[in-house]
Amino acid sequence: MLGWFKKKFKKQDDAPPRQETPIAELSTDTPESELPAIKEKKKKSLVSRLAEKLSKTRESFTYQIDALFLGKKEIDGEMLDNLEEILITADLGVETTMELLEHVRRKVKRHELSDPNSLKEVLKEKIKSFITENDRDASLVMPDDGPFVIMVIGVNGVGKTTTIGKIAHKFQQAGNSILLVAADTFRAAAVAQLQIWGERNKVQVVAHKEGADPSSVVFDALGIAQSKKIDIVLVDTAGRLHTNSNLMEELKKIKRVMDKKMAGAPHEVLLVIDATTGQNGISQAKLFNEAIGVTGLTLTKLDGTSKGGIVVNICRGMQIPIRFIGIGEHIDDLRDFDAGEFADALFQSRKEQKK
Ligand SMILES: Nc1nc2c(ncn2[C@@H]2O[C@H](COP(=O)(O)OP(=O)(O)OP(=O)(O)O)[C@@H](O)[C@H]2O)c(=O)[nH]1
Ligand SMILES: [Mg+2]
């Protein structure tokens, strides 16, 4: 769990098994020889559940690709044109789509590829390699002591507050103490929403009055976190301001104040992107990264979109790692992003899903 995070919080290793994987539990009398098989079963079950959640993308993407090649004997121009349309529609991005088609065309020309079935396999392998190639362990600068501070940013409605609620749950299950910070002070409803997540998780929420300076909320909260020896601080920010001030300037200020109060904080600037917005999400990531400096991404609403190809696009085009994916509105609907697992789930066929 949370490979990028594990280094500091050893407690994570003692975490109870995640509720979403009700597989054969390991017990002390499980023979060692059975462990690999159990692990494999667990992996399959995780992939299948993810595949279920990605059903919209799979219908418009994976199944379309399957259908395109079904019963065909030859690769022709029309087939490649249709393939291009499928890839673009799933939001893989123009550049990635062109690169894939070029790869395929080259292979056809060199007679390394002739039948549609092997083309399908080549395509899958190439897309999988796009998703996994940037899957490096993005190291984080961990504080030697004191809380690990995560500042969550993104435009309005992308799922910041919900994601914070889910992350709090995940870390809490792993045995960490959590503090939530309502730095979206521009709407009373925003504070109330975070407080609901606080109650749900039974964790403290630091909030000031509506309209207060977000930086002062954060300043106070970090003081509380230090004195209470909190493990993880999650800071919720506004997605849109109802004043004339500039959102990016406001976020920069919050970040500066954090660093002043606690050198090195925030340790993670997590940008939340709504996967249903497709290419727009990529533009947001670029803007936020230029202005604030983003260290990790969360892609939400992958359950409700056929544009899950955006993941390929992001893995390919951005140097920022995806930390989490949101696959529903429930507290458990957040996954650590695992490139291999995602690629396997994306390409799970209808037949495999039914098994
Ligand atoms: N289906 C689905 N819905 C999600 C997911 N994440 C968030 N949502 C929903 O998206 C809507 C907006 O979520 P919020 O968490 O309020 O978004 P926000 O970014 O905090 O919004 P503002 O505070 O207005 O900027 C809510 O209805 C959430 O339930 C997800 O992974 N899947
Ligand atoms: Mg919010």
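These lines cover the structure that appears in this document, whether it is placed above or below. Since we're looking at a predicted model, the values are computed, not measured.

### Some thoughts on the overall build of the protein
Looking only at helices and strands, the protein has 14 helices and 8 strands in total. The burial tally for the protein puts 51% of its 355 residues in the buried class. Pairs at least 24 residues apart make up 78% of the contacts formed inside the protein by residues separated by at least 6 positions.

### Let's talk about the pattern of salt bridges
This structure, assessed with the given rule, holds 14 salt bridges. In this structure, Lys120 engages Asp66 in a salt bridge whose closest nitrogen and oxygen atoms are separated by 3.4 Å. Of this pair, Lys120 sits in helix H6 (residues 116-133) while Asp66 sits in helix H3 (residues 55-69), and the two are 54 residues apart along the sequence. The pair Lys120 / Asp66 is uniform in exposure class, with both members buried. One salt-bridge network, held together by shared partners, links Lys107, Arg110 and Glu112.

### Examining the site of ligand 1
In the region of ligand 1, 19 residues are neighbours, and Lys160, Thr161, Thr162, Asp303 and Glu329 sit closest. At 2.7 Å from an oxygen atom of ligand 1 is found a side-chain nitrogen or oxygen belonging to Lys160. One of the backbone N or O atoms of Gly328 is found 3.3 Å from a nitrogen atom in ligand 1. Contact with the protein chains removes 80% of the 650 Å² of surface that ligand 1 exposes when unbound. Looking at the shell around ligand 1 element by element, the count peaks at 4 residues for helix H7 (residues 160-173). The residue inventory of the shell around ligand 1, partitioned by class, reads 2 nonpolar, 10 polar and 7 charged.

### Observations concerning a nonpolar patch on the surface
The grouping of Ile88, Val94 and Met98 at the surface amounts to a nonpolar patch, some 240 Å² of accessible area in total. Tracing the chain through its elements places Val94 in helix H5 (residues 94-109). When its relative accessible area of 55% is taken as the criterion, Val94 is described as exposed.

### Quick word on the sheet that holds strand E1 (residues 148-153)
Strand order across the open sheet formed by 8 strands is E3-E2-E4-E1-E5-E6-E7-E8, with mixed pairing between neighbours. Taken across any chain shown, the strands that pair with only one partner, and hence form the sheet edges, are strand E3 (204-206) and strand E8 (334-336). For this sheet, the mean inter-axis angle between neighbouring strands, taken without regard to orientation, is 25 degrees. Relative to strand E7 (residues 322-326), strand E6 (residues 296-300) runs parallel, the two being bridged by 3 bridges. Residue pairing in the sheet places Leu297 in a bridge with Ile322 of E7.

### Digging into the side chain of His267
Within the element layout of this structure, His267 appears in the loop between helix H10 (247-261) and strand E5 (268-274). Given the relative accessible area of 8%, His267 is considered buried.

Calculation rules
Residues numbered from 1 in each chain as written. Chains lettered and ligands numbered in written order. Predicted model: local features only at pLDDT ≥ 70, side-chain atom pairs only at ≥ 80, totals over all residues. Heavy atoms only, no water. Helix = DSSP H or I, 4+ residues; strand = E, 2+ residues; numbered from the N terminus. Buried < 20%, exposed > 50% of the residue type's maximum accessible area, 1.4 Å probe, protein only. Contact = heavy atoms within 4.5 Å. Salt bridge = Lys/Arg side-chain N within 4 Å of Asp/Glu carboxyl O. Near = heavy atom within 4 Å. Polar contact = N/O pair within 3.5 Å; in protein donor to acceptor, adjacent residues only side chain to side chain. Areas by Shrake-Rupley, 256 points an atom, 1.4 Å probe, with all protein chains shown as cover. Nonpolar A, V, L, I, M, F, W, Y, C, P; charged D, E, K, R; others polar. Patch = residues over 30% accessible without salt bridge, like charges linked within 9 Å, V, L, I, M, F, W, Y side chains within 5 Å. Pairing = 2+ DSSP bridges. Axes fitted to C-alpha atoms, helices over the stretch in contact; angles between N-to-C directions.

From the geometry alone we can't say anything about function, so treat these as descriptive.
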